[in-house]
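Residue strings, one per chain:
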Amino acid sequence: SEATAVARFKTHPGRFLSGADNGTLCYTYDGEIYTQKAGGKPAKVAVSVPEDIVAEPVQKLLVRSGARSATLSPDGKFVAFTNRGDLFVTSVEYNTTKRITATPQAESNPTWSKDGKTLYYESERDGAPNIWQATMAHEDDPDFANATVIDEKPLFNDKTYRRVPIVSPDGKKMAF
């Protein structure tokens, strides 16, 4: 079968392409996140990070450009991406974005579990690139963008370099 372009950009290439089970594509272009339904036109995803009510002072972080490693959730409703070395999840349907990590080390290359309830990503927290996983701590949280608490832990507990996790389509294996 012959390759066919689904979008054309004049100044920069589209990057970090991923797709949902329903055929919706997600990619970055010029530091912005776009989704595109099959046969449709690119639609820029509006990303905003709302303030949570917490005892600590709130640090406003504008995440309007500079997105990297964007990947669409299996249901096509959320995009995980990195910005300034931290991992975020945003909704493509409403203006809710959740900061998943807040570390001085860089996180990158997020990928979703088949059911969309776990995020795997690369982190350099232990001095070497390793694969970490994030899950929603409360079962009643509807999704990552609205999660109240995120649990993170390394997938491996050794000092072996592991980078760029990719979950198999059946969700049973991981390449890195």
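Heads up: the structure comes first, above all this text.
Keep in mind that this is a model prediction, so the values were computed, not measured. (Residues numbered from 1 in each chain as written. Predicted model: local features only at pLDDT ≥ 70, side-chain atom pairs only at ≥ 80, totals over all residues. Heavy atoms only, no water.)

### Quick look at the overall build of the chain
- Counting secondary structure elements, the chain contains zero helices and 14 strands.
- Written out in order from the N terminus, the α and β elements of the chain read β-β-β-β-β-β-β-β-β-β-β-β-β-β.
- Taken over the C-alpha trace, the chain has a radius of gyration of 16 Å; the compact-globule value for 176 residues is 16 Å, and the two agree within 12%.
- Across its three principal directions, the C-alpha atoms of the chain cover 50 × 35 × 35 Å.
- Out of the 176 residues belonging to the chain, those deemed buried represent 42%. (Helix = DSSP H or I, 4+ residues; strand = E, 2+ residues; numbered from the N terminus. Rg over C-alpha atoms; globule rule 2.2 N^0.38 Å. Buried < 20%, exposed > 50% of the residue type's maximum accessible area, 1.4 Å probe, protein only.)

### Focus on the sheet that holds strand β1 (residues 14-19)
- In spatial order, the strands read β1-β2-β3-β4; together these four strands make up an open sheet with antiparallel pairing. Taken across any chain shown, the strands that pair with only one partner, and hence form the sheet edges, are β1 and β4 (43-44).
- Sheet topology note: the strand β2 (residues 25-29)/strand β3 (residues 32-36) ladder contains five bridges and is antiparallel. Among the inter-strand pairings, Tyr-27 is bridged to a residue of β3, identified as Tyr-34. (Pairing = 2+ DSSP bridges.)

### Considering the pairing of strand β7 (residues 86-91)
- Counting buried residues along β7, six of its six residues qualify, which places the element largely inside the surrounding structure.
- Alternating positions in β7 separate into two faces, Asp-86, Phe-88 and Thr-90 on one and Leu-87, Val-89 and Ser-91 on the other, with burial throughout.
- Sheet topology places strand β6 (residues 78-83) next to β7; six bridges connect them, and they run antiparallel. The residue of β7 that forms the bridge with Thr-82 is Leu-87.
- Connecting β6 to the antiparallel partner β7 that follows it, the hairpin turn spans two residues, and Arg-84 within it adopts a positive phi of roughly 55 degrees.

### Re the environment of Thr-4
- Note that Thr-4 resides in the segment before β1.
- When its relative accessible area of 66% is taken as the criterion, Thr-4 is described as exposed.
- It is 42 Å that separates the C-alpha atoms of Thr-4 and Glu-139, two residues lying 135 residues apart in sequence.

### Quick word on the nonpolar core
- Counting 15 residues, the largest nonpolar core has Val-89, Ile-100, Trp-112, Leu-119, Ala-134, Phe-144 and Ile-150 as its most contacted members.
- Elements represented by at least two residues in this core include exactly β6, β7, β10 (118-123) and β11 (130-136).
- Considering each element in turn, this core owes the most residues, three residues, to β11.
- Contact partners of Trp-112, with chain neighbours within four places excluded, come to Thr-71, Leu-72, Ser-73, Pro-74, Phe-78, Val-79, Ala-80, Val-89, Thr-118, Leu-119, Phe-144 and Val-167.
- Counting 11 residues, the second-largest nonpolar core is a separate cluster that includes Ala-20, Val-45, Ala-70 and Phe-88. (Core = buried A, V, L, I, M, F, W, Y, C linked by side-chain atoms within 4.5 Å. Contact = heavy atoms within 4.5 Å.)

### As for the packing of aromatic side chains
- Enumeration according to the criterion identifies five aromatic pairs in this entry.
- Where Trp-112 meets Phe-144, the ring centres are 5.9 Å apart and the plane angle is 75 degrees; that geometry is what we call edge-to-face. Of the two residues, Trp-112 is situated in strand β9 (residues 107-112) and Phe-144 in the loop between β11 and β12 (150-154); the sequence distance between them amounts to 32 residues.
- The class of Phe-144 is buried, set by a relative accessible area of 1%. (Phe/Tyr/Trp six-rings, centres within 6.5 Å; stacked < 30°, edge-to-face > 60°.)

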